[in-house]
Amino acid sequence: EPEVTQTPSHQVTQMGQEVILRCVPISNHLYFYWYRQILGQKVEFLVSFYNNEISEKSEIFDDQFSVERPDGSNFTLKIRSTKLEDSAMYFCASRKTGGDEKLFFGSGTQLSVL
Amino acid sequence: AQSVTQLDSQVPVFEEAPVELRCNYSSSVSVYLFWYVQYPNQGLQLLLKYLSGSTLVESINGFEAEFNKSQTSFHLRKPSVHISDTAEYFCAVKNGGATNKLIFGTGTLLAVQP
(Lines give C-alpha, C1' and ligand atoms only; values in the text may rest on other atoms or scores of the structure.)
Protein backbone atom coordinates (compact mmCIF):
# COMPACT_ATOMS: atom_id res chain seq x y z
CA GLU A 1 0.00 0.00 0.00
CA PRO A 2 1.29 3.51 -0.74
CA GLU A 3 2.71 5.43 2.20
CA VAL A 4 3.10 8.95 3.45
CA THR A 5 6.77 9.49 4.24
CA GLN A 6 8.04 11.87 6.90
CA THR A 7 11.60 12.97 7.56
CA PRO A 8 13.37 13.14 9.89
CA SER A 9 11.90 10.71 12.39
CA HIS A 10 13.49 12.67 15.23
CA GLN A 11 14.55 16.31 15.34
CA VAL A 12 16.26 18.04 18.22
CA THR A 13 16.61 21.81 18.14
CA GLN A 14 17.40 24.73 20.39
CA MET A 15 14.67 27.15 21.42
CA GLY A 16 14.40 30.02 18.98
CA GLN A 17 15.75 28.05 16.04
CA GLU A 18 13.84 27.40 12.84
CA VAL A 19 12.86 23.85 11.91
CA ILE A 20 11.41 22.37 8.78
CA LEU A 21 9.54 19.10 8.95
CA ARG A 22 9.25 17.30 5.67
CA CYS A 23 6.55 15.08 4.26
CA VAL A 24 6.04 13.30 0.97
CA PRO A 25 2.31 12.61 0.57
CA ILE A 26 0.96 9.86 -1.61
CA SER A 27 1.47 10.92 -5.21
CA ASN A 28 -2.12 11.22 -6.46
CA HIS A 29 -3.51 12.76 -3.28
CA LEU A 30 -4.88 16.29 -3.32
CA TYR A 31 -5.53 17.18 0.34
CA PHE A 32 -2.75 17.53 2.88
CA TYR A 33 -2.72 17.97 6.62
CA TRP A 34 -0.48 18.47 9.61
CA TYR A 35 -1.44 17.22 13.06
CA ARG A 36 0.57 17.12 16.25
CA GLN A 37 0.48 15.25 19.53
CA ILE A 38 2.08 16.61 22.65
CA LEU A 39 3.08 13.77 24.95
CA GLY A 40 0.05 12.49 26.84
CA GLN A 41 -2.38 14.76 25.05
CA LYS A 42 -4.75 14.54 22.10
CA VAL A 43 -3.75 14.43 18.48
CA GLU A 44 -4.51 18.01 17.41
CA PHE A 45 -5.31 19.39 13.99
CA LEU A 46 -2.94 22.11 12.82
CA VAL A 47 -3.65 22.89 9.19
CA SER A 48 -5.18 21.59 5.98
CA PHE A 49 -3.92 22.43 2.51
CA TYR A 50 -5.57 22.09 -0.87
CA ASN A 51 -4.96 23.56 -4.30
CA ASN A 52 -1.76 25.24 -3.12
CA GLU A 53 -3.35 27.14 -0.30
CA ILE A 54 -4.38 26.71 3.31
CA SER A 55 -8.02 25.63 3.50
CA GLU A 56 -8.30 25.61 7.27
CA LYS A 57 -6.05 26.18 10.26
CA SER A 58 -6.41 25.86 14.00
CA GLU A 59 -5.68 28.39 16.71
CA ILE A 60 -2.37 26.62 17.30
CA PHE A 61 -1.23 27.48 13.78
CA ASP A 62 -0.09 31.03 14.48
CA ASP A 63 2.33 33.25 12.59
CA GLN A 64 5.27 31.10 13.67
CA PHE A 65 3.98 28.27 11.51
CA SER A 66 3.86 28.01 7.74
CA VAL A 67 3.32 25.26 5.20
CA GLU A 68 4.53 24.90 1.67
CA ARG A 69 4.33 22.50 -1.22
CA PRO A 70 7.43 23.67 -3.04
CA ASP A 71 7.76 21.16 -5.84
CA GLY A 72 4.54 19.19 -6.25
CA SER A 73 6.00 16.34 -4.22
CA ASN A 74 7.04 17.57 -0.77
CA PHE A 75 4.78 19.15 1.81
CA THR A 76 6.66 20.99 4.55
CA LEU A 77 5.83 22.48 7.92
CA LYS A 78 8.10 25.29 9.08
CA ILE A 79 8.30 26.63 12.59
CA ARG A 80 10.19 29.92 12.47
CA SER A 81 11.23 30.33 16.08
CA THR A 82 10.64 27.20 18.11
CA LYS A 83 9.40 27.28 21.67
CA LEU A 84 9.65 24.63 24.34
CA GLU A 85 5.93 23.95 24.01
CA ASP A 86 6.37 23.07 20.34
CA SER A 87 7.90 19.78 21.44
CA ALA A 88 5.55 17.12 20.10
CA MET A 89 5.09 14.38 17.55
CA TYR A 90 4.09 15.94 14.24
CA PHE A 91 2.05 13.87 11.80
CA CYS A 92 1.55 14.58 8.14
CA ALA A 93 -1.51 13.15 6.40
CA SER A 94 -2.98 13.13 2.92
CA ARG A 95 -6.28 12.27 1.30
CA LYS A 96 -7.13 11.51 -2.27
CA THR A 97 -10.32 13.41 -2.94
CA GLY A 98 -12.89 15.51 -1.18
CA GLY A 99 -15.31 12.63 -1.01
CA ASP A 100 -12.81 10.10 0.31
CA GLU A 101 -12.81 10.08 4.08
CA LYS A 102 -9.73 7.94 4.52
CA LEU A 103 -6.69 9.82 5.72
CA PHE A 104 -3.26 8.28 5.25
CA PHE A 105 -0.82 9.28 7.97
CA GLY A 106 2.94 9.29 8.06
CA SER A 107 4.85 7.75 10.97
CA GLY A 108 5.55 11.17 12.44
CA THR A 109 8.48 13.40 13.34
CA GLN A 110 9.31 13.68 17.02
CA LEU A 111 10.39 17.28 17.61
CA SER A 112 12.26 18.05 20.81
CA VAL A 113 12.92 21.71 21.60
CA LEU A 114 15.59 22.24 24.25
CA ALA B 1 -17.95 22.23 19.28
CA GLN B 2 -17.02 18.67 18.60
CA SER B 3 -14.96 16.62 21.02
CA VAL B 4 -13.98 13.02 21.66
CA THR B 5 -13.37 11.40 25.02
CA GLN B 6 -11.43 8.20 25.52
CA LEU B 7 -11.65 7.52 29.22
CA ASP B 8 -9.07 4.74 29.34
CA SER B 9 -5.49 5.73 28.71
CA GLN B 10 -4.33 2.13 28.96
CA VAL B 11 -6.12 -1.22 28.80
CA PRO B 12 -4.11 -4.31 29.78
CA VAL B 13 -5.64 -7.59 28.68
CA PHE B 14 -4.53 -11.19 28.33
CA GLU B 15 -4.26 -12.83 24.94
CA GLU B 16 -7.52 -14.39 23.67
CA ALA B 17 -9.60 -12.32 26.10
CA PRO B 18 -12.29 -9.92 24.87
CA VAL B 19 -11.67 -6.18 24.97
CA GLU B 20 -13.67 -2.99 24.71
CA LEU B 21 -12.08 0.42 24.16
CA ARG B 22 -14.47 3.20 25.01
CA CYS B 23 -15.13 6.33 22.98
CA ASN B 24 -17.71 9.02 23.56
CA TYR B 25 -18.22 11.99 21.30
CA SER B 26 -19.88 15.34 21.51
CA SER B 27 -21.37 16.98 18.44
CA SER B 28 -24.43 19.00 17.59
CA VAL B 29 -24.48 17.93 13.95
CA SER B 30 -24.29 14.70 12.03
CA VAL B 31 -20.97 12.98 12.47
CA TYR B 32 -18.57 10.61 10.87
CA LEU B 33 -16.72 8.44 13.39
CA PHE B 34 -13.40 6.69 13.04
CA TRP B 35 -11.00 4.43 14.85
CA TYR B 36 -7.34 4.75 13.96
CA VAL B 37 -4.59 2.43 15.18
CA GLN B 38 -0.92 3.23 15.66
CA TYR B 39 1.48 0.31 15.90
CA PRO B 40 4.92 1.00 17.40
CA ASN B 41 7.07 3.24 15.20
CA GLN B 42 4.37 3.54 12.56
CA GLY B 43 1.84 6.16 11.49
CA LEU B 44 -1.85 6.22 12.23
CA GLN B 45 -3.83 3.74 10.15
CA LEU B 46 -7.58 3.73 9.62
CA LEU B 47 -9.11 0.72 11.38
CA LEU B 48 -12.79 1.31 10.69
CA LYS B 49 -15.28 4.08 10.14
CA TYR B 50 -18.94 4.92 10.48
CA LEU B 51 -20.36 7.30 7.89
CA SER B 52 -24.00 6.24 7.63
CA GLY B 53 -26.18 3.16 7.34
CA SER B 54 -25.62 0.16 9.59
CA THR B 55 -24.56 1.21 13.07
CA LEU B 56 -22.26 -1.79 13.41
CA VAL B 57 -19.04 -1.55 11.43
CA GLU B 58 -16.28 -4.12 11.20
CA SER B 59 -12.62 -4.19 10.33
CA ILE B 60 -10.78 -6.92 8.47
CA ASN B 61 -8.87 -8.02 11.57
CA GLY B 62 -11.81 -8.80 13.82
CA PHE B 63 -12.49 -5.45 15.45
CA GLU B 64 -15.97 -3.95 15.39
CA ALA B 65 -17.53 -0.73 16.63
CA GLU B 66 -21.12 0.26 17.14
CA PHE B 67 -22.44 3.76 16.66
CA ASN B 68 -24.91 4.54 19.44
CA LYS B 69 -26.52 7.91 18.90
CA SER B 70 -28.52 7.96 22.12
CA GLN B 71 -25.41 7.30 24.19
CA THR B 72 -23.13 9.31 21.87
CA SER B 73 -20.69 6.40 21.86
CA PHE B 74 -18.59 4.50 19.36
CA HIS B 75 -16.90 1.80 21.43
CA LEU B 76 -14.40 -0.54 19.82
CA ARG B 77 -14.60 -4.25 20.59
CA LYS B 78 -12.84 -7.47 19.77
CA PRO B 79 -13.97 -10.86 21.12
CA SER B 80 -10.46 -12.35 21.26
CA VAL B 81 -7.28 -10.28 21.09
CA HIS B 82 -3.82 -11.28 19.90
CA ILE B 83 -0.39 -10.11 20.94
CA SER B 84 -0.15 -8.35 17.59
CA ASP B 85 -3.10 -6.12 18.52
CA THR B 86 -0.88 -4.26 20.97
CA ALA B 87 -1.00 -0.66 19.78
CA GLU B 88 -2.39 2.80 20.50
CA TYR B 89 -5.99 3.21 19.39
CA PHE B 90 -7.45 6.63 18.60
CA CYS B 91 -11.11 7.49 18.24
CA ALA B 92 -11.89 10.46 15.99
CA VAL B 93 -14.91 12.45 14.84
CA LYS B 94 -15.50 14.55 11.76
CA ASN B 95 -18.63 16.51 11.11
CA GLY B 96 -20.61 16.20 7.94
CA GLY B 97 -20.09 19.79 6.96
CA ALA B 98 -17.46 21.57 4.93
CA THR B 99 -14.59 21.20 7.37
CA ASN B 100 -12.25 18.32 6.66
CA LYS B 101 -10.44 18.05 9.96
CA LEU B 102 -10.60 15.14 12.35
CA ILE B 103 -10.98 15.67 16.08
CA PHE B 104 -9.07 12.97 17.95
CA GLY B 105 -9.29 11.56 21.44
CA THR B 106 -6.24 11.14 23.64
CA GLY B 107 -5.78 7.53 22.63
CA THR B 108 -5.93 4.20 24.45
CA LEU B 109 -2.94 1.93 24.69
CA LEU B 110 -4.07 -1.67 24.29
CA ALA B 111 -1.44 -3.86 25.94
CA VAL B 112 -1.99 -7.54 25.22
CA GLN B 113 -0.12 -9.87 27.53
CA PRO B 114 0.60 -13.57 26.94
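Residues numbered from 1 in each chain as written. Chains lettered and ligands numbered in written order. Predicted model: local features only at pLDDT ≥ 70, side-chain atom pairs only at ≥ 80, totals over all residues. Heavy atoms only, no water.

A. Geometry of the overall build of chain A. When helices and strands are tallied, chain A shows zero helices and 11 strands. Listed N to C, the secondary structure of chain A is β-β-β-β-β-β-β-β-β-β-β in terms of helices and strands. In terms of C-alpha radius of gyration, chain A reaches 13 Å, essentially the compact-globule figure of 13 Å for 114 residues. Expressed along its principal axes, the backbone C-alpha trace of chain A runs to roughly 40 × 25 × 25 Å. Burial analysis of chain A (114 residues in total) assigns 46% to the buried set. For chain A, the accessible surface area stands at approximately 5700 Å², while carbon and sulfur atoms represent 46% of it. (Helix = DSSP H or I, 4+ residues; strand = E, 2+ residues; numbered from the N terminus. Rg over C-alpha atoms; globule rule 2.2 N^0.38 Å. Buried < 20%, exposed > 50% of the residue type's maximum accessible area, 1.4 Å probe, protein only. Areas by Shrake-Rupley, 256 points an atom, 1.4 Å probe, with all protein chains shown as cover.)

B. Examining the state of the cysteines more closely. Taken as a whole, this structure holds two disulfides over all chains when the rule is applied. Shown here is the disulfide that connects C23 of chain A with C92 of chain A, its sulfur atoms set 2.0 Å apart. Here the disulfide of C23 of chain A and C92 of chain A is left-handed, its torsion about the S-S bond being about -65°. Residue C23 of chain A is located in strand β3 (residues 19–24), and its partner C92 of chain A is located in strand β9 (residues 88–95); the two are separated by 69 residues in the primary sequence. The two residues C23 of chain A and C92 of chain A agree in class, both being buried. Across the disulfide from C23 of chain B sits C91 of chain B; the S-S distance is 1.9 Å. On the S-S bond that ties C23 of chain B to C91 of chain B, the torsion sits near -65°, and the link is left-handed. Of this pair, C23 of chain B sits in the loop between β3 (19–21) and β4 (24–26) while C91 of chain B is found in strand β10 (residues 87–95), placing the two residues 68 residues apart along the sequence. Taken as a pair, C23 of chain B and C91 of chain B share a single burial class, namely buried. (Disulfide = S-S within 2.5 Å.)

C. View of the side chain of Q6 of chain A. Residue and element names in this part refer to chain A. Along the chain, Q6 turns up in strand β1 (residues 5–7). Q6 sits in the buried class, given a relative accessible area of 7%. At a separation of 2.9 Å, a polar atom in the side chain of Q6 contacts the main-chain amide nitrogen of C92. Separated by 3.1 Å, the side chain of Q6 and the backbone nitrogen of G108 make a polar contact. In this structure, Q6 is in contact with R22, C23, W34, Y90, F91, C92, G106, S107, G108 and T109, ignoring residues within four places of it in sequence. (Polar contact = N/O pair within 3.5 Å; in protein donor to acceptor, adjacent residues only side chain to side chain. Contact = heavy atoms within 4.5 Å.)

D. Highlighting the environment of I60 of chain A. Residues and elements named next belong to chain A. Following the sequence through the fold, I60 ends up in the loop between β6 (53–57) and β7 (65–68). The spacing of I60 and L46 is 14 residues in sequence and 6.4 Å in space, taken between C-alpha atoms. Not counting residues within four places of it along the chain, the set of residues in contact with I60 comprises R36, E44, F45, L46 and F65.

Just geometry here; none of it tells us what the structure is for.
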